[in-house]
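# Analysis of the macromolecular model
Below are the chains, spelled out letter by letter.
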Amino acid sequence: MKKKVDVVLGAFFGDEGKGKIIDFLSTKADLSLRCAGGNNAGHTIVVDGKKFAMHLIPSGIFSGATAIIGNGVVVDPKVLLEEIKMLQESGVSTEKLLISEKAHVIFNYHQEFDLLEEEMRGKNKIGTTKRGIGPSYSDKMARFGIRMEDFISPKFASLLKNNIENKNKMFALYGKELIDYKKTYKEYKKYADELAPYVVDTVNYVHNNIENGKKVVCEGAQATLLDIDFGTYPFVTSSNTTIGGILNGTGLNASNLGRVYGVIKAYSSRVGEGPYVTELLDETGDKIRELGHEYGTTTKRPRRCGWLDLVALKYAVRLNGFTDIAMNHLDTVGKLDEIKLCVGYQDASGKVTTDYTTNPDKLKDMKPVYKTFEGNFDITGVKKFGKLPEKAKVYLKAVEEFVGVPITLIGTGPDREDLIVRK
Ligand code: GDP
Ligand code: IMO
Ligand code: MG
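Bear in mind the structure is a predicted one, so any value in this text is a computation, not a measurement.

Counting its secondary structure elements, the protein contains 14 helices and 19 strands. Its C-alpha atoms give the protein a radius of gyration of 21 Å, within 12% of the compact-globule value 22 Å for 423 residues. Counting over 423 residues, the protein shows a buried share of 57%. Looking at the protein alone, contacts between residues at least 24 apart form 76% of all its contacts between residues at least 6 apart. In the form shown here, the protein has an accessible surface area of approximately 18,200 Å², with 51% of it arising from carbon and sulfur atoms.

Further remarks concern a positive patch on the surface. A cluster of basic residues, Lys-28, Lys-384, Lys-387 and Lys-423, forms a positive patch at the surface. On the secondary structure map, Lys-28 appears in the loop between helix 1 (18-26) and strand 2 (31-34).

Turning next to the coordination of the magnesium ion (ligand 3). For the magnesium ion (ligand 3), the protein coordination sphere consists of Asp-15 (OD) and Gly-42 (O), at 2.0 to 2.2 Å. Pair noted here: Asp-15 is in the loop between strand 1 (5-10) and helix 1 and Gly-42 is in the loop between strand 2 and strand 3 (43-47), with a separation of 27 residues, a long-range link.

With that settled, consider the site of ligand 1. With respect to spatial proximity, 19 residues lie near ligand 1, and among them Gly-17, Lys-18, Gly-42, Thr-44 and Asp-331 are the closest. One of the backbone nitrogen or oxygen atoms of Gly-42 is found 2.8 Å away from an oxygen atom of ligand 1. With respect to ligand 1, the side chain of Thr-44 contributes an N or O atom lying 2.5 Å from an oxygen atom. About the coverage of ligand 1: the protein hides 95% of its 590 Å² of free accessible area. Elements represented by at least two residues in the shell around ligand 1 include exactly helix 1, strand 3 and helix 12 (330-333). Per-element tally for the shell around ligand 1: the top contributor is helix 1, with 3 residues. Here the shell around ligand 1 spans two domains, and each of domain 1 (5-98 + 201-259) and domain 3 (265-421) adds at least three residues to it.

On to the side chain of Thr-353. As for its position among the elements, Thr-353 is in strand 16 (residues 352-353). Assessed through its relative accessible area of 18%, Thr-353 is described here as buried. For Thr-353, the side chain forms a polar contact with the main-chain nitrogen of Asp-355, separated by 2.9 Å. Apart from the residues lying within four places of it in its own chain, the contact partners of Thr-353 are Val-311, Gly-344, Tyr-345 and Met-366.

A few words on the site of ligand 2. In the region of ligand 2, 20 residues are neighbours, and Asp-15, Lys-18, His-43, Thr-129 and Thr-237 sit closest. In this structure, an oxygen atom belonging to ligand 2 sits 3.1 Å away from a main-chain N or O atom of Val-271.

Right, let's talk about the packing of helix 6 (residues 156-173) against helix 7 (residues 181-195) for a bit. Helix 7 packs onto helix 6 with a crossing angle of 140° between their chain directions and a minimal axis gap of 10 Å. One finds that helix 6 runs oblique with respect to helix 7. Viewed along their axes, helix 6 and helix 7 form a crossing whose handedness is right-handed. Touching Phe-156, Ala-157, Leu-160, Lys-161 and Ile-164 of helix 6 are Tyr-181, Thr-184, Tyr-185, Tyr-188 and Lys-189, all from helix 7. For the contact of helix 6 with helix 7, the residue count by class is 7 nonpolar, 1 polar and 2 charged.

A few words now on the pattern of salt bridges. Under the criterion given, the structure shown has 26 salt bridges. Asp-139 is paired through a salt bridge with Lys-167; the nearest N and O atoms lie 2.8 Å apart. Of this pair, Asp-139 sits in helix 4 (residues 133-141) while Lys-167 sits in helix 6, and the two are 28 residues apart along the sequence. Linking Arg-259 and Asp-324 is a salt bridge whose minimum nitrogen-to-oxygen distance equals 2.6 Å. Taken together, the residues Arg-259 in strand 11 (residues 257-265) and Asp-324 in strand 14 (residues 324-328) connect sequence positions 65 residues apart. Among the ionic contacts, a cluster of salt bridges with common partners joins Asp-15, Lys-265, Glu-294 and Arg-303.

Criteria and thresholds
Residues numbered from 1 in each chain as written. Chains lettered and ligands numbered in written order. Predicted model: local features only at pLDDT ≥ 70, side-chain atom pairs only at ≥ 80, totals over all residues. Heavy atoms only, no water. Helix = DSSP H or I, 4+ residues; strand = E, 2+ residues; numbered from the N terminus. Rg over C-alpha atoms; globule rule 2.2 N^0.38 Å. Buried < 20%, exposed > 50% of the residue type's maximum accessible area, 1.4 Å probe, protein only. Contact = heavy atoms within 4.5 Å. Areas by Shrake-Rupley, 256 points an atom, 1.4 Å probe, with all protein chains shown as cover. Patch = residues over 30% accessible without salt bridge, like charges linked within 9 Å, V, L, I, M, F, W, Y side chains within 5 Å. Salt bridge = Lys/Arg side-chain N within 4 Å of Asp/Glu carboxyl O. Lys, Arg positive; Asp, Glu negative; His and termini not counted. Charge placed at Lys NZ, Arg CZ, Asp CG, Glu CD. Donors = N, O, S within 2.8 Å, 3.2 Å for Na, K, Ca; no water. Near = heavy atom within 4 Å. Polar contact = N/O pair within 3.5 Å; in protein donor to acceptor, adjacent residues only side chain to side chain. Domains from an automatic or database assignment. Axes fitted to C-alpha atoms, helices over the stretch in contact; angles between N-to-C directions. Parallel < 35°, antiparallel > 145°, perpendicular 65-115°, else oblique. Left-handed = near helix turned anticlockwise from the far one by under 90°. Nonpolar A, V, L, I, M, F, W, Y, C, P; charged D, E, K, R; others polar.

Limitation: the analysis is restricted to geometry and does not speak to function.
Put into structure tokens, the structure is as follows:
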């Protein structure tokens, strides 16, 4: 019998703790898939106190699942090879890693373009991760992209030459240093040869496995409010980070889908520019950053921090159809005296709404309407929902009642063991 595919998606601006949730779900899965984004993502898994920051390889690799980089991912080959080496040196097997033949490759000129485009935006910069993500997705859509299957074929040399000749015309126009084709080819050909054994037709591979009764889990990257269509455009990433991106980034179909886990933190955070209604620019924000160790996994930038936003969560539920919510960092808010939940947005005219808008100009004027809850609870080592302090339960219930989705996984610390699974 075919098993349903479970999906993990971020509900807000990323870094909700998706890696940890996927690591847990993968313990019961045969295949673990990454669907979108590239090494702009940083997913942390803490195994026996050792911290791993994964940028490209699906987090399911730690529990022995076949780890598949789907067609929707943009792959920086150098970063991927470094990640493979890091895992091997740590004793984690990479034998079951596969890369879609349709995944696109990030080249040095994409990173250069990322910097150039941010420069062009001037004071409207996005604050990208500078990993070449936007420019490589642009090339994919404009049909200049180089897929993995072409990267490892004899066609690679001529495709790269043509691209570099064209990109150099642009770099010359902007007075930037030109890309050296020969040097680039030599470097990337070596990467292609090393990655070739991993490249397969993952679409048929995944469907054959599903038809043979295997369990699949999918790891979303980034998060709902960074979605190219449904996020706070233009302060977004360049892929569909919501449920549609899971299908497009893997070749799965709607009937394959099972549970959809929306991952949130008991507070919120954002890295990079863009509107953020519940951001705290005061000492409470600083305190949350310190207590939650909110510094970027990928860029090490301090993350902007604030309260949990139920207006945004309701929007994420509508878009993704979450069947479950996984809430991490309940331990962190328990260290505060009081906790706030945003239950509405008040616009400049005084009107209160619970419908999220993605228009940055409108968001800028929205004031959060808060409900306050008691903090000061310690949940270290708690393994059962029933053993949680009453104050923590009251907070969880308020979130569930607002969005109508049960919180079935609760993070009590960074380690993979620090998780309450609610039966
Ligand atoms: P991702 O990108 O969604 O996978 O999230 P990140 O790994 O970028 O950021 C989440 C951070 O929170 C990491 O440092 C995790 O180790 C940490 N973390 C995850 N869950 C919990 C939790 O329940 N409690 C605490 N204290 N830390 C957590
Ligand atoms: P994970 O998967 C948090 C943000 C960047 C920037 C914007 C565009 O770890 O949750 P890009 O380099 O993608 O063009 O940058 O998106 N961003 C993330 N923020 N977590 C992420 O991934 C992110 N990936 C991109 O900071 O604001
Ligand atoms: Mg992250």
